[in-house]
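A structural walkthrough
Listed here are the chains, written in short residue letters.
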Amino acid sequence: MIDQSGGMENPIVDAYLYLLGLGESRFTLSELISVLEVPAVLARFELTADELERIRQWSTEVGIRWGLDGKTAQQHDLPMQESHTWLNGVRRMLLGYAMGHDHIWQDTLSYGDVEGLEASVAGKLAEFLVAINDAQAKLMESLTPKEWISTLYYLAERFFLVDEDDAFQVLLSKQLDALTLQWQQAYFDAPLDQQVIRQLLSPLLQESQGGQRFLAGRVNFCTLMPMRSVPFKVICVLGLNEGDYPRSVAPMGFDLMVGQYRSGDRSRREDDKYLFLEALMSARDCFYISYVGRSIQDNSEKNASILVSELLEYIGQSCVFDGDQTLAPDEAQKALLERLILEHPLQPFNAAYYVQSQQSAVQFDKRLYSYDDQWLPALLSVPVDNEPQAFLPLDGLEQPRLELALDELSRFIGHPARYFTQRRLKAYLSLPEEEEKEDEPFALDGLAGYQLREGLLQAMLKDDEDSFVERLSLTGALPYGALGRLSLQQSRGQCRQLLSVLQGYALEECAPIEVNLTLGSLVLQAWLDLPTATTRLSYRIGDLSAHQKMQAWIEHLALCAQGTPKQHHLINLSKTGKLLQHSFIIIPPNDAQDYLNKMLALLQQGLCQPIALPAKSADAWCKSYCASKTQEDPDIAWEQALKQYQDNSSAFTRSEVDDAYWQRYFPDLQSQKAQFVALCEQIWLPMHRHLEEME
């Protein structure tokens, strides 16, 4: 591989050029993490790859977005703020190591995940940021050429620990020596700023350094360049697409040669045509040309480069295959081009590469072949119908007496497919992704807004609102300035509206009530909170969700089944500001035990195979089935469930089938209709029958 840019050959080059631009940098999370990812930087600051991942995690959790310190925002003509800077993040890490989690000291909230020996990792991060700060201070000054040479060597020494045989040191010394010689010959000693130095060094360090390795191997990948017309047995030219080659260069607005071409003026298109001719003349046995012949959007035919078209036209008019001399000129030309041009399928696993024409009803080009045998098992397998295959259940777990937490039952009913995969198969299909955000929050929406309102409501219930708001501002979760104050004011209004309803229940500190219920070989256990002596509350700022209803229903069944029934009220403040209140009807212990037994039996089955019972779709089915307008019409209820499962995607919501677990097992719920409807009637419908709206 030759003719690569310096940055592609050596990642130190890109990191070094970024350091040269520190005077204009925003110091975003992703930028500094990218610098740390360079092996030479890790070695200089004695960090490992695992420690770098910890730094990435800590930086995300403490809210680092951009800015070295508060002055970075001022350099970009913005108000000074430190809540999302690297300095504030490192302060939180080190304070957490010294004081523990969630303590405030000098307007800094401690972050307690830095513990034990990991404190050295935070120290190394602090050392790296000190080096970045010192480098920025040096680069912000205008220096003489002699001072710049010393500074540039200082940057390389301060941030990179390279091997003796690393090409970067040689490249940097070579280019700096060349610059020094130019300045000395011009007797130039005026001060220069970092923008000029970066503009000078960037093309010098980025230029290809692989010219001396040309013809180093049996197969060489390179660009078309003049004076490379060395004879080769095989020459392959790739990417000869229409519009890509010959290259077209947009003219500058001040270029007076545009439209006034004279003989001898350089033309990039003419140069490319000559390079193509050189490559053609250098091929001895084979000249291979490749281009994209069909569109990836609609499979429509696309033209090759004009050079390829001209070459094919010339060959068709001047040559003919042996044996086709008696054909008409047009037919002979068509036969020739059919033999010269080979159209490849889009995918490497296409059957045309593996199946011989005489063995298949479809006629494939005999010139198509493949050496890759990894696709053979799929091609040799017996075709099957598109009928959905039933899952073969795993063997049941043999446990004579099992103590089961009540939360486990709620977790299973809420997502049977995920429960089976994680609990039985020990597999996780959706891994949390740490997103490196580069901008501070400008609005409280989505999950962040919901979590803030939930925390604020709990703080109000504990009469700890002021302390919570103080911590909230120090974490950087609030938008900056007036936007943050308005968002907090709106959230406070919603929380106080729900708080006024909750305070009407005469809340008191009651001891949690124990659940210890034996049902066959299973023992359900839990400790449930009790806000009042007679009533349990489930409250939420948001619409009444399927998971909230089902969790409350299971807890309600457990209390009724063991003979300690309590009133259970569900209180919600919808997005429109409407207050919704529901309650469950107290049911006899025998009925409650029957419902729980059905759920536990389904749980035993769900540990052996995935169950097609998505919660949101089941809730939509029950809502439609119990509605007065539909009058228990199962067809309309099924339409609503199917719509919720696979036709509910928008900018703000996702269809349930978009979940990785449902997509893996049941991409199409239509084939599971009978089982789904039966389970809805057995598990979810009783909950809706016993849920009534309060006035």
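Presented here is a report on the structure given in the accompanying data block.

Cut-off values and rules
Residues numbered from 1 in each chain as written. Predicted model: local features only at pLDDT ≥ 70, side-chain atom pairs only at ≥ 80, totals over all residues. Heavy atoms only, no water. Helix = DSSP H or I, 4+ residues; strand = E, 2+ residues; numbered from the N terminus. Rg over C-alpha atoms; globule rule 2.2 N^0.38 Å. Buried < 20%, exposed > 50% of the residue type's maximum accessible area, 1.4 Å probe, protein only. Pairing = 2+ DSSP bridges. Axes fitted to C-alpha atoms, helices over the stretch in contact; angles between N-to-C directions. Contact = heavy atoms within 4.5 Å. Salt bridge = Lys/Arg side-chain N within 4 Å of Asp/Glu carboxyl O. Parallel < 35°, antiparallel > 145°, perpendicular 65-115°, else oblique. Left-handed = near helix turned anticlockwise from the far one by under 90°. Nonpolar A, V, L, I, M, F, W, Y, C, P; charged D, E, K, R; others polar. Polar contact = N/O pair within 3.5 Å; in protein donor to acceptor, adjacent residues only side chain to side chain. Patch = residues over 30% accessible without salt bridge, like charges linked within 9 Å, V, L, I, M, F, W, Y side chains within 5 Å. Areas by Shrake-Rupley, 256 points an atom, 1.4 Å probe, with all protein chains shown as cover. Lys, Arg positive; Asp, Glu negative; His and termini not counted. Charge placed at Lys NZ, Arg CZ, Asp CG, Glu CD. Bend = angle between axes of the 7 residues up to and from the residue. Phe/Tyr/Trp six-rings, centres within 6.5 Å; stacked < 30°, edge-to-face > 60°. Lys NZ or Arg CZ within 6 Å of the ring centre and 35° of its normal.

**A look at the overall build of the chain**
- When you go through the chain residue by residue, the secondary structure sums to 26 helices and nine strands.
- Whereas a compact globule of 695 residues would reach a radius of gyration of roughly 26 Å, the chain reaches 35 Å, over 25% beyond that.
- Along the first, second and third principal axes, the C-alpha set of the chain runs to 100 × 80 × 50 Å.
- Per-residue burial for the chain yields a buried fraction of 40% across its 695 residues.

**Thoughts on the sheet that holds strand E4 (residues 513-519)**
- The strand order across the open sheet formed by three strands is E3-E5-E4, and the pairing between neighbours is mixed. Each edge of the open sheet carries a strand with a single partner, namely strand E3 (402-405) and E4. Across the sheet, the mean angle separating the axes of adjacent strands is 20 degrees when strand polarity is ignored.
- Bridging between E4 and strand E5 (residues 522-528) involves seven bridges; their strand directions are antiparallel. Directly across from Leu519, in E5, lies its bridge partner Leu522.
- The strands that helix H21 (residues 546-561) touches are E4 and E5; relative to E4, the one it contacts most, it runs at about 75 degrees.
- Most of the contacts of helix H22 (residues 589-606) go to E4, to which it runs at about 70 degrees, and overall it touches E3, E4 and E5.

**Side note on unusual backbone geometry**
- The omega torsion of the bond from Tyr245 to Pro246 falls at 0 degrees, within 30 degrees of zero and hence cis.
- Inspection of the secondary structure assignment puts Pro246 in the loop between strand E1 (232-237) and helix H12 (268-282).
- The phi angle at Asn299 is positive, at roughly 65 degrees, despite the residue not being glycine.
- If you trace the backbone, Asn299 turns up in the loop between strand E2 (283-289) and helix H13 (306-318).

**A few points about the pattern of salt bridges**
- Tallied over the full model, the rule gives 19 salt bridges.
- Measuring nitrogen to oxygen at the nearest pair gives 2.5 Å for the salt bridge that ties Arg247 to Asp272. Of this pair, Arg247 sits in the loop between E1 and H12 while Asp272 sits in helix H12; the two residues are 25 residues apart in sequence, bridging distant segments of the chain.
- You can call Arg247 partly exposed: its relative accessible area is 35%.
- Overlapping salt bridges, with partners in common, bring together Glu37, Glu53 and Arg56 in one network.

**A few points about the sheet that holds strand E7 (residues 567-573)**
- Read across the sheet, four strands follow the order E6-E7-E8-E9 without closing on themselves; strand pairing throughout is mixed. What marks the edges here is a single partner per strand, and that holds for strand E6 (535-541) and strand E9 (691-693). The sheet shows a mean angle of 25 degrees between the axes of neighbouring strands, direction not considered.
- Pairing of E7 with strand E8 (residues 579-584) involves six bridges; the strand directions are antiparallel. Bridging from a neighbouring strand, His568 pairs with Phe584 of E8.
- In the packing of helix H20 (residues 482-503) onto the sheet, contacts are made with E6, E7 and E8, and the angle to E6 comes to roughly 170 degrees.

**Here's the deal with the packing of helix H2 (residues 11-20) against helix H9 (residues 145-159)**
- Axis separation between H2 and H9 bottoms out at 11 Å; the angle between their running directions is 125 degrees. Taken together, the axes of H2 and H9 are oblique relative to one another. In this structure, the crossing between H2 and H9 has a hand that is right-handed. In this structure, H2 contributes Tyr16, Leu19 and Leu20 to the contact, and H9 contributes Leu152, Leu155, Ala156 and Phe159.

**Concerning the pairing of E5**
- Most of E5 sits inside the fold, with five of its seven residues counted as buried.
- In the sheet, E3 pairs with E5 via four bridges, with the strands oriented parallel. Each bridged residue has a counterpart across the sheet, and for Leu402 the counterpart in E5 is Leu522.

**Overview of the packing of helix H10 (residues 167-185) against helix H11 (residues 194-206)**
- Where H10 meets H11, the closest approach of the two axes is 10 Å, and the angle between their N-to-C directions is 130 degrees. By the angle between their directions, the pair H10 and H11 is classed as oblique. In this structure, H10 crosses over H11, and the sense of that crossing is right-handed. Touching Leu171, Leu172, Gln175, Leu176, Leu179 and Trp183 of H10 are Ile197, Leu200, Leu201, Leu204 and Leu205, all from H11.
- Grouping the constituent residues of the contact of H10 with H11 by class yields ten nonpolar, one polar and no charged.

**A word on the side chain of Arg536**
- Along the chain, Arg536 falls in strand E6.
- What makes Arg536 buried here is its relative accessible area of 3%.
- In terms of polar contacts, Arg536 uses its side chain to reach the side chain of Glu555, at 2.9 Å.
- Look past the residues within four positions of Arg536 in its chain and what remains in contact with it is Leu528, Asp529, Leu530, Pro531, Glu555, Leu559, Lys566, Gln567, His568 and His569.

**Notes on a nonpolar patch on the surface**
- A grouping of Tyr274, Leu277 and Met281 is seen on the molecular surface, where their side chains present a nonpolar patch of about 350 Å² in accessible area.
- Relative to the elements of secondary structure, Tyr274 occurs in helix H12.

**Considering helix H16 (residues 406-414)**
- With seven of its nine residues buried, H16 lies for the most part within the structure.
- Residues Leu406, Glu408, Leu409, Ser410, Phe412, Ile413 and Gly414 constitute the buried set of H16.

**As for a negative patch on the surface**
- A cluster of like negative charges, contributed by Asp107, Asp463, Asp464, Asp466 and Glu470, occupies part of the molecular surface.
- In this fold, Asp466 is placed in helix H19 (residues 465-475).

**Comments concerning helix H26 (residues 673-689)**
- Of all the bends in H26, the largest measures some 40 degrees and sits at Glu681.
- Considered for burial, the residues of H26 that qualify are Phe676, Val677, Leu679, Cys680, Ile683, Trp684, Leu685, Pro686, Met687 and His688.

**Focus: the packing of aromatic side chains**
- Applying the stated criterion to the full structure yields 17 aromatic pairs.
- Centroid distance Phe412 to Tyr419: 5.5 Å. Interplanar angle 75 degrees. Geometry classified as edge-to-face. Both residues of the pair, Phe412 and Tyr419, belong to the buried class.
- A centroid spacing of 6.5 Å and a plane angle of 50 degrees characterise the contact between Tyr665 and Phe666, whose relative ring orientation is tilted.
- Grouped by ring-pair contacts, the aromatic residues Phe420, Trp662, Tyr665 and Phe666 constitute a single cluster.
- Taking the ring centre of Trp66 as reference, the NZ or CZ of Arg26 above it sits at 4.4 Å.
- Stacked on the ring of Tyr154, the Lys or Arg Lys138 has its end atom at 5.0 Å from the ring centre.

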